[in-house]
6 protein chains.
Amino acid sequence: MRILLVNPNSTVSMTEKAAQAARRVVRPGTEVVAATPAGSPPSIQGFFDVAMCLPGLLAEIARNPEADAVVIACFDDTGLDAARAMVEVPVLGIGEAAFHAASMLSCRFSVVTTLRRSVPGIEANLVRYGLAARCGRVRSTEIPVLHLERGDPATTGRIADEIRHAIDEDGAEAIVLGCAGMTDLMDGLSARFGLPVIDGVTCAVAFAEALVAVGARTSKVGGYATPIRAGAAE
Amino acid sequence: MRILLVNPNSTVSMTEKAAQAARRVVRPGTEVVAATPAGSPPSIQGFFDVAMCLPGLLAEIARNPEADAVVIACFDDTGLDAARAMVEVPVLGIGEAAFHAASMLSCRFSVVTTLRRSVPGIEANLVRYGLAARCGRVRSTEIPVLHLERGDPATTGRIADEIRHAIDEDGAEAIVLGCAGMTDLMDGLSARFGLPVIDGVTCAVAFAEALVAVGARTSKVGGYATPIRAGAAE
Amino acid sequence: MRILLVNPNSTVSMTEKAAQAARRVVRPGTEVVAATPAGSPPSIQGFFDVAMCLPGLLAEIARNPEADAVVIACFDDTGLDAARAMVEVPVLGIGEAAFHAASMLSCRFSVVTTLRRSVPGIEANLVRYGLAARCGRVRSTEIPVLHLERGDPATTGRIADEIRHAIDEDGAEAIVLGCAGMTDLMDGLSARFGLPVIDGVTCAVAFAEALVAVGARTSKVGGYATPIRAGAAE
Amino acid sequence: MRILLVNPNSTVSMTEKAAQAARRVVRPGTEVVAATPAGSPPSIQGFFDVAMCLPGLLAEIARNPEADAVVIACFDDTGLDAARAMVEVPVLGIGEAAFHAASMLSCRFSVVTTLRRSVPGIEANLVRYGLAARCGRVRSTEIPVLHLERGDPATTGRIADEIRHAIDEDGAEAIVLGCAGMTDLMDGLSARFGLPVIDGVTCAVAFAEALVAVGARTSKVGGYATPIRAGAAE
Amino acid sequence: MRILLVNPNSTVSMTEKAAQAARRVVRPGTEVVAATPAGSPPSIQGFFDVAMCLPGLLAEIARNPEADAVVIACFDDTGLDAARAMVEVPVLGIGEAAFHAASMLSCRFSVVTTLRRSVPGIEANLVRYGLAARCGRVRSTEIPVLHLERGDPATTGRIADEIRHAIDEDGAEAIVLGCAGMTDLMDGLSARFGLPVIDGVTCAVAFAEALVAVGARTSKVGGYATPIRAGAAE
Amino acid sequence: MRILLVNPNSTVSMTEKAAQAARRVVRPGTEVVAATPAGSPPSIQGFFDVAMCLPGLLAEIARNPEADAVVIACFDDTGLDAARAMVEVPVLGIGEAAFHAASMLSCRFSVVTTLRRSVPGIEANLVRYGLAARCGRVRSTEIPVLHLERGDPATTGRIADEIRHAIDEDGAEAIVLGCAGMTDLMDGLSARFGLPVIDGVTCAVAFAEALVAVGARTSKVGGYATPIRAGAAE
């Protein structure tokens, strides 16, 4: 099967990191097609960036009609509802996938993300999905998204500090890494803290495969109904 | 003061109807500047249309930096979070304003909107704002947005039917009209049913004046912090 | 238009401070009629005081039938439901108004109030209104209500301390001042902390004007139906 | 032990009916002292009546300082918070007691009450207590409170109709009778429908005995702290 | 009347402590029949122990068909739903009873229990019962259940520390002791902290008496319907 | 990889149907090991049956320590928490998996299950998982579980009727089939109604594969910590 992995921002190194993570976990025969829209902001840090990424993101999805499933590789789940309305195949966001995975592995998880400005959007998603009840807290590290690309050890230390607080103060039993750029930290942090540290990219790709395998399609009744072209149905 | 009223879709007659309604209620000295983005879809019916309206909507806001407040004249509150991140003045959506007004006039309200496909987005907004607890039900009439522009009496009859169901079945004590195109029906339906039938356009404009009058500004700490320009802070 | 501003407690200096704040923000032509019931407790600090203020408060409302709107100037929103059942014009509480305003200016707010004993009543209101989801925490300063009348700088310092905790620990993006007696601190604290510090008195008066401007009335269907006089309908 | 049973309204026949029901269930040695405030409205039908009953109700409680527990015999739980602040012994409302009992006997209950105008207050109580999650629906019969005193068979028929709807449509497994005046219908309706039909008066009195038996007292820390007399602590 | 008090674990000293506490509070004429299943784990610390206790617990209930009410004396309310399906008399869990009692004595309570591993089960119960809204926090002391049997003063000190945190940080106005083995600490801790410290065993037994006194029965409609024997109804 | 599929009840034909469904969707190289405990009830219809199935279910899991993941093939997610505490590999319930899948394919789903007595347990699970917010209603058909094994067309008609109600009355955009015995109806009903009709068995198996593929493990910190053997840690 073919899975379209769209990074909504325009930073190609982030797309590449996500695609590599995805390819490590897919089943034989699954092709991961990675896409980066040209005109988007270089990173998504808050509601304005989310909005500015939408046209490029949705254009990439339109450009790949043969995909068996779509994964949106930004932790804000940028444009997830609009993308679902566009296509009939399953569409998953990496934030959403990580929350669902954490809910099946622990009684309570916390999220560790980048900047404080991104926290309300993530919290709003959790409420929307219903999974806020499973989340102890969404914590920010004040690390800008693109700093994650530099591999600075202080960055990992800052993330580890928040994981420690989440375990001690939130009662977190699992940690969700709240940025696509943190994908490569999953294994090291899981080992260090002895609990599931979950990356949304791999979860989303694997769940997308699962939904394709069972023959599931996005509902076209209600909120995700195919858009009415101007001049047509109304 | 100057209030920018942006209709996110491209149908000028809807903008005009909203602007007229707004001008009837503002205080002397308030100027309502109405804007219609050129490239948007003609109506917003679901998540895809919401996403496609965002660039035009945000561009109109950027083009009017001297506004003392911004009102987004679509019941989905299209781009509300992104708009708040862009400016320091108050920004209100008409859906949001209607929900707040209804909460101060009744114990429970129901919403009567256009198509079923628009219901999940409105419900998601209610949950996000916290006001879902005050809403009995979001009801659709299956009237497309642009049909409202034609003044067909059958249209009003269909809306009245759902209002009746809302009163009888949902325990609704007030009704929120769930589309900017229904603005002109408020007075007639209020009189007919003997309870508040609330239009978001007038509420949003009047609340915007109120927030300007008390000197309130959009918070720039957290989710609505000023966007970081690429190459700057990160 | 004429707005009746009732201070439910019997401390005239509090009524005066609230009325002054109200008069600074109303539109030309709006008259603020301030009322203080004679027999009420001097301040409202907890559920018992709320109950003891009700007869005097409701009598003041009955005494002013020509008001176009009523504002209840106590942060507990004392008697709000009963007052709405009495009249057809809009009735607003200052607590409620501040919560609605804060919800339109920020993703999350915290409340800073006087005594711990007042916290559960405020929390119950937030749940009732549906806006508990938007509130990080209701914080008490252990400053009795009437101490606020003395202008002691230590008092402001104590309030500022809690605002700092709210920003750092609750993720608050705006602050609601939880007592009518804090009205005069709004501007100074907003400037000091660089985020909206919201006073309910001005918000309630301005929202009352807004609701009158749009022609809104309190619903008389359901919970706010006109009371049945003894010997009449039953 | 001595239990004070206060009927907040001034209809003595309702007090007597409640006291009789209470005396049937108490343990040997428990004295039920029934009180009816003189100046209250004859029945409580909505928020305004609730407010007007408070002074008389609280005066009756003050007049009976030797009570080991207090039961407020109105389904709105009129003045429950204020009464708890006044005394150190347990104070129970009959609405509250019925909800707690129903929660321990069934997975979900519905309430059948008198007039539609009383529904929002009952719903607000359920939310406040946390037990809204256990309630299918609060249903009104449009029977005024004092009609219940007349023993009209049509009245019971109307209540039975709503019980049937509650079982079929709400998934109710138990029914809470939503008025002190329905106390005498409990046994007949339980037998007729084959499920628990719960009356709050008997539950409240029996739970009050239980709390006294275990030595429980109302908390004086926080919301129910002893009121500060004017001129004292502040 | 006869109340069956089943301790789901196999530690007889815990059963005895609970039975003694129960017998101190019951009315004259009430017999407390205490039961300890032979094959259960010695203590219940988490979900696995809960499951392993069920057969023995339910067998003890089946062995005592003449009981007028059943109390399950483990704070996890082990097997509460299954026990209710088995019998027609009231069945109460001690966790549930303590939560209901605390809700009638305070605006907010916190729970102080044994091990962290037991916290999610208690939290899930609170959500299920609807009373999570009334609970500030479920706190663990890291004291294993059977250590409570040894009367070590350090144990009480550890519990007292968490009570102090609950009052200061959670806004707790009452404390629920989260283990049947803490029953004997109730009086001392109540006196020490000056607020209700609630033990579920005594509350459950007294509430069971109350429900029997009012003639209440477990609903047999819906979730607690009598089980269908294999080969019978299906 | 090896996935252990345990049917908690003792009806081998149900195990076989579930195993066949599972084997149709797994990736090449995945082995589905199906297990049926000998001493369990023949079907699970309510809380009592759930409890009686636990020892057999957990024994089957203990007997298969080499499984890479465990799927519990009963829609009540029987013993899910206890099973997670027993092992380190991922454990999924078919109810849970179906809810998560439906949440990623639609804005709102409804459940169509067998008997009314099973509804409260399913609703409790939805609340526990956090996904109650995504569910319109849990509907019963009054078809006993084992009737599903007979392939009676009237059975399918009854299920189809409830699906129609769910679409029209609940706003359902997807349907979750609420019993392992309905697995074979998924494709026909999806085609008939033109929306996703979701079976938990296939979803759970595919999600289990996904979680194994990404290297996820059940958290051993907190609620799912490895049980303490008697005589050991305490």
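Values in this document were obtained by computation on a predicted structure and should not be read as measured data.

Draft legend 1. Structural view of the overall build of chain A. From N to C terminus, chain A includes 8 helices and 8 strands. For chain A, whose C-alpha radius of gyration is 17 Å, the value lies close to the compact-globule estimate of 17 Å for 234 residues. When burial is assessed residue by residue, chain A has 68% of its 234 residues classed as buried. Carbon together with sulfur atoms contributes 51% to the accessible area of chain A, which is approximately 7,100 Å² in total. Within chain A, the 26 negative side-chain charges are centred at a point lying 1 Å from the centre of the 21 positive side-chain charges.

Draft legend 2. Here's a closer look at the relation of the copies chain A and chain E. Each copy of the sequence occupies a distinct position, and chain A is placed on chain E by a rotation of 120 degrees and an axial shift of 0.0 Å, giving an RMSD of 0.0 Å. Look at the turn and shift together and you get a three-fold axis relating the two.

Draft legend 3. Examining the layout of surface pockets more closely. Roughly 400 Å³ of volume is contained in the second largest pocket. Along the walls of the second largest pocket sit 26 residues, with Met186(A), Asp187(A), Ser190(A), Gly215(F) and Ala216(F) positioned nearest its centre. Of all the secondary structure elements, the ones that give two or more residues to the lining of the second largest pocket are α1 (12–25), α4 (94–105), α7 (186–193), β8 (197–199) and α8 (200–213) of chain A. Its residues assigned to classes, the lining of the second largest pocket shows 12 nonpolar, 7 polar and 7 charged.

Draft legend 4. Spotlight on the interface of chain A and chain E. Listed as interface residues are 7 residues of chain A and, on the opposing side, 5 residues of chain E. Each partner contributes to the roughly 400 Å² buried at the junction of chain A and chain E, and carbon and sulfur atoms together form 33% of this total. A per-residue breakdown of the area chain A buries against chain E is headed by Cys107(A), Arg108(A) and Glu169(A), which together make up 61% of the total. The tally of links between chain A and chain E comes to 1 salt bridge. Of the charged contacts, one joins Arg108(A) and Glu123(E) as a salt bridge, the two residues approaching to 2.9 Å between their closest N and O atoms. Viewed at the interface, chain E and chain A are joined by 5 residue pairs in polar contact (both at pLDDT 80 or more).

Draft legend 5. Spotlight on the relation of the copies chain B and chain C. Once chain B has been moved 0.0 Å along the axis and rotated by 180 degrees, it coincides with chain C to within an RMSD of 0.0 Å. The transformation just described matches what one would write down for a two-fold rotation axis. Minimal C-alpha separation from the rotation axis in chain B is found for Gly130(B), amounting to 2.6 Å. An overlap of 98% is found between the interface residues of chain B and their copies at the interface of chain C, pointing to a shared contact surface.

Draft legend 6. Summary view of the interface of chain B and chain C. Taken residue by residue, the interface counts 44 residues in chain B and 43 residues in chain C. For the pair chain B and chain C, the summed buried surface comes to about 3,400 Å²; carbon and sulfur atoms form 66% of the total. Ranking the residues of chain B by area buried against chain C places Met104(B), Leu105(B) and Val214(B) at the top, with a combined share of 21%. Between chain B and chain C we count 2 salt bridges in total. Close ionic contact of Glu209(C) with Arg27(B) constitutes a salt bridge, the shortest N to O distance being 3.7 Å. Across the chain B-chain C interface, the total number found is 11 residue pairs in polar contact (both at pLDDT 80 or more). Breaking the side of chain B that touches chain C down by element, the ones donating at least two residues are β4 (91–93), α4 (94–105), α5 (119–129) and α8 (200–213) of chain B. Here the side of chain B that touches chain C is built from residues that sort into 26 nonpolar, 10 polar and 8 charged.

Draft legend 7. Main features of the packing of helix α6 (residues 153–169) of chain E against helix α7 (residues 186–193) of chain E. Residue and element names in this part refer to chain E. α7 packs onto α6 with a crossing angle of 45 degrees between their chain directions and a minimal axis gap of 12 Å. As far as their axial angle goes, α7 and α6 are oblique. Crossing hand, α6 versus α7: right-handed. Contact with α6, carried on its side by Thr156, Ile159, Ala160, Ile163, Arg164 and Ile167, involves Leu189, Arg192 and Phe193 of α7 and no other residues of that element. Of the residues belonging to the contact of α6 with α7, the class tally is 6 nonpolar, 1 polar and 2 charged.

Draft legend 8. Here's a closer look at the packing of α4(B) against α8(B). All names here are of chain B. Contact pair α4 / α8: the axes reach a minimum separation of 8 Å and the direction vectors enclose 85 degrees. Classified by the angle between their axes, α4 and α8 sit roughly perpendicular to one another. Counted together, Ile94, Ala97, Ala98, His100, Ala101 and Met104 of α4 and Gly200, Val201, Cys203, Ala204 and Phe207 of α8 form the full contact between these two elements. The residue makeup of the contact of α4 with α8, split by class, is 9 nonpolar, 2 polar and no charged.

Draft legend 9. Representation of the sheet that holds β4(B) in the model. Residue and element names in this part refer to chain B. One open sheet holds the 4 strands; their spatial order is β2-β1-β3-β4, and the pairing between them is parallel. Since the sheet does not close on itself, it has two edges, and those belong to β2 (31–35) and β4, each with one partner. Within this sheet the neighbouring strands show an average axis-to-axis angle of 20 degrees, counted without direction. Note that strand β3 (residues 69–72) and β4 share 3 bridges and pair parallel. Its bridge partner being in β4, isoleucine 72 is matched across the sheet by glycine 93.

Draft legend 10. The arrangement of helix α1 (residues 12–25) of chain D in detail. With 14 residues, α1(D) should cover 20 Å at 1.5 Å per step; its first-to-last C-alpha distance of 21 Å lies within 8% of that length. For α1(D), the complete set of buried residues consists of Met14(D), Thr15(D), Lys17(D), Ala18(D), Ala19(D), Ala21(D), Ala22(D) and Val25(D). In the core, the buried residues of α1(D) are packed alongside β1 (2–6), β2 (31–35) and α8 (200–213) of chain D together with α8 (200–213) of chain E.

Draft legend 11. Molecular detail of the side chain of Ser219(B). Within the secondary structure, Ser219(B) is located in the segment after α8. For Ser219(B), a relative accessible area of 0% corresponds to the buried category. In this structure the side chain of Ser219(B) is engaged in a polar contact, spanning 2.5 Å, whose partner is the backbone oxygen of Glu173(C).

Draft legend 12. Representation of the confidence of the model for chain A within the structure. Across chain A, pLDDT averages 94, with 98% of residues at or above 70. For this predicted complex, the interface confidence comes out at an ipTM of 0.96, alongside a pTM of 0.96.

Draft legend 13. Layout of the sheet that holds strand β6 (residues 135–140) of chain D. All names here are of chain D. As summarised here, the arrangement of the 4 strands in space is β6-β5-β7-β8, forming an open sheet in which the pairing is parallel. For this open sheet the edge positions go to β6 and β8 (197–199), each flanked by a neighbour on one side alone. Within the sheet, the average angular offset between the axes of one strand and its neighbour, ignoring direction, is 25 degrees. Bridge count for strand β5 (residues 109–113) against strand β7 (residues 174–178) is 5 bridges, and the pairing is parallel. In the sheet register, threonine 113 faces β7, and the bridge partner there is glycine 178.

Draft legend 14. Seen up close, the pairing of β1(D). Residue and element names in this part refer to chain D. When you tally the buried positions in β1, you get 4 out of 5 residues, the bulk of the element. Alignment of β1 against β2, held across 5 bridges, turns out to be parallel. In the sheet register, leucine 5 faces β2, and the bridge partner there is alanine 34. Relative to strand β3 (residues 69–72), β1 is paired through 4 bridges, and the arrangement is parallel. Note that in β3 the partner of leucine 5 across the bridge is valine 71.

Draft legend 15. How the structure looks around α8(A). Residues and elements named next belong to chain A. Taking 1.5 Å of rise per residue, the 14 residues of α8 would be expected to cover 20 Å, and the 19 Å separating its terminal C-alpha atoms lies within 8% of that figure. Of all 14 residues that make up α8, 12 are buried, and the element is covered over most of its length. Of the residues flanking the start of α8, the one acting as N-cap is aspartate 199, its side-chain oxygen 3.2 Å from the backbone nitrogen of valine 201.

Draft legend 16. View of the side chain of Arg84(A). Relative to the helices and strands, Arg84(A) resides in helix α3 (residues 80–86). A polar contact of 2.8 Å, which involves the side chain of Arg84(A), links it to the side chain of Glu96(A). Leave out the neighbours within four places in its chain, and Arg84(A) touches Val91(A), Leu92(A), Glu96(A), Thr218(A), Lys220(A), Tyr224(A), Ser103(F) and Met104(F).

What counts, and at which threshold
Residues numbered from 1 in each chain as written. Chains lettered and ligands numbered in written order. Predicted model: local features only at pLDDT ≥ 70, side-chain atom pairs only at ≥ 80, totals over all residues. Heavy atoms only, no water. Helix = DSSP H or I, 4+ residues; strand = E, 2+ residues; numbered from the N terminus. Rg over C-alpha atoms; globule rule 2.2 N^0.38 Å. Buried < 20%, exposed > 50% of the residue type's maximum accessible area, 1.4 Å probe, protein only. Areas by Shrake-Rupley, 256 points an atom, 1.4 Å probe, with all protein chains shown as cover. Lys, Arg positive; Asp, Glu negative; His and termini not counted. Charge placed at Lys NZ, Arg CZ, Asp CG, Glu CD. Least-squares fit on C-alpha atoms with pLDDT ≥ 70 in both. 1 Å grid on protein atoms, 1.4 Å probe; cavity = no way out; pocket = protein on both sides within 12 Å on 5 of 7 lines; lining within 4 Å. Points joined across faces, edges and corners; volume = space filled by probe spheres on them. Nonpolar A, V, L, I, M, F, W, Y, C, P; charged D, E, K, R; others polar. Contact = heavy atoms within 4.5 Å. Buried area = accessible area lost by both parts, 1.4 Å probe. Salt bridge = Lys/Arg side-chain N within 4 Å of Asp/Glu carboxyl O. Polar contact = N/O pair within 3.5 Å; in protein donor to acceptor, adjacent residues only side chain to side chain. Axes fitted to C-alpha atoms, helices over the stretch in contact; angles between N-to-C directions. Parallel < 35°, antiparallel > 145°, perpendicular 65-115°, else oblique. Left-handed = near helix turned anticlockwise from the far one by under 90°. Pairing = 2+ DSSP bridges. Expected span 1.5 Å × (residues − 1). pLDDT = per-residue confidence, 0-100.

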